[in-house]
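Observations on chain architecture
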Amino acid sequence: MTAHLIGLIGSGIGSSLSPALHEREAHHHGLRYLYKILDISDLGVAATAAGDLVRTARRLGYTGLNITHPCKQTVIDHLDELSPDAARLGAVNTVTFDGDRAIGHNTDWTGFAESFARGLPDAATHQVVQVGAGGAGAAVAHALLTMGADQVTLVDTRTARADALAAALTQRFGAGRARSAAIADLPAALRHADGLVNATPIGMAAHPGSPVPAELLHPDLWVADVVYRPLRTELLEKAREIGCRTLDGGGMVVFQAAHAFRLFTGLTPDTDRMLAHLSALVTA
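Residues numbered from 1 in each chain as written. Predicted model: local features only at pLDDT ≥ 70, side-chain atom pairs only at ≥ 80, totals over all residues. Heavy atoms only, no water.

**Topic: the UniProt feature "domain: SDH C-terminal" (unreviewed entry) in the chain**
- In this numbering, the UniProt entry assigns the feature "domain: SDH C-terminal" (unreviewed entry) to residues 251–277.
- In residues 251–277, helix accounts for 81% and strand for 0%; the two terminal C-alpha atoms are 12 Å from one another. (UniProt positions renumbered as here; feature names shortened; annotations may be inferred. Helix = DSSP H or I, 4+ residues; strand = E, 2+ residues; numbered from the N terminus.)

As structure tokens, then:
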């Protein structure tokens, strides 16, 4: 029986459902599959230590790694190669090993795109406001523009990060497709927006709260969140209360996991089964 050892590197990830999600799907393929949590908070190290963890995992015989907040960008300098998607996005959420080489991939953007296509198939995307311009934000904005959004407005507490991502997206997709805005400009940006995406960790169990004040939401807005633990974040609860269409982070985590599973094993997972796995895990 083929065996795989996988790890997840990130901070505050003790409640992650990724281990069970991967292991349950692996069971259906007859694989020995162990998925380990490597929480930098528990280890007492900074995000910059992601490279050391990658090197250690390679030496210990790991098949591959998933990378999450806040290491999706800091890990890049410690990899030997990037897939075209990871290179374009400047963010890595999956690492595979080929002998002594560590190769970075990005399955976040395809995961979000597939989730959005299923969950909000007819949503207008003329003007989309995205809060968060980090690793997840780079993937989500890329997905939105690839799917045909006319313009994505990026808002981040680190203004320079939003500026840099907007510039990179403009170079990739063309003038006018992406712009950055200050936190103070969020009310005006949302007033005329079709949709809002939270691509920050705010709303996670370890980072409670909402990235956007409830009074800025309006019923004509669709609202999507990349957070899946919990699925019903404070932002989505407030949005539903006023009648917004919403998309939780469950679909994104399943589809990005499915794409990573394929990279790790060479096998095609059953995404409908994995969605059922997630539903059962969340209910439990």
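Past the structure itself, the notes keep going.
**Details of the layout of surface pockets**
- Estimated volume of the largest pocket: approximately 920 Å³.
- Around the largest pocket, the lining is made up of 49 residues, and of these Thr68, His69, Lys72, Ala136 and Met204 lie nearest the centre.
- Looking at the second largest pocket, its volume works out to about 160 Å³.
- As for the second largest pocket, its lining consists of 13 residues, of which Asp248, Gly250, Gly251, Leu275 and Leu278 are closest to the centre. (1 Å grid on protein atoms, 1.4 Å probe; cavity = no way out; pocket = protein on both sides within 12 Å on 5 of 7 lines; lining within 4 Å. Points joined across faces, edges and corners; volume = space filled by probe spheres on them.)

**Some remarks on the pairing of strand S3 (residues 64–67)**
- Both faces of S3 are covered, namely the face carrying Gly64 and Asn66 and the face carrying Leu65 and Ile67.
- When strand S1 (residues 3–10) meets S3, the two strands line up parallel, connected through 4 bridges. Paired with Gly7 across the bridge in S3 is Leu65.
- Pairing analysis gives 3 bridges linking S3 to strand S5 (residues 94–98), with the strands arranged antiparallel. Its bridge partner lying in S5, Gly64 is registered against Thr96. (Buried < 20%, exposed > 50% of the residue type's maximum accessible area, 1.4 Å probe, protein only. Pairing = 2+ DSSP bridges.)

**Description of unusual backbone geometry**
- In the segment running from His69 into Pro70, the intervening peptide bond is cis, with an omega of 5°.
- Note the cis peptide between Arg229 and Pro230, where omega equals 10°.
- The residue Pro230 is located in the loop between strand S11 (222–225) and helix H9 (234–241) in this model.

**Observations regarding the packing of aromatic side chains**
- All chains considered together, the criterion is met by 3 aromatic pairs.
- Plain terms: the ring middles of Phe116 and Trp222 are 5.1 Å apart, the flat faces sit at 70° to each other, and that makes the pair edge-to-face. You can see Phe116 sitting in helix H5 (residues 108–119) and its partner Trp222 sitting in strand S11, a full 106 residues away along the chain. The same class applies to Phe116 as to Trp222, namely buried.
- Members of the aromatic cluster, joined through ring pairs, are Phe112, Phe116 and Trp222. (Phe/Tyr/Trp six-rings, centres within 6.5 Å; stacked < 30°, edge-to-face > 60°.)

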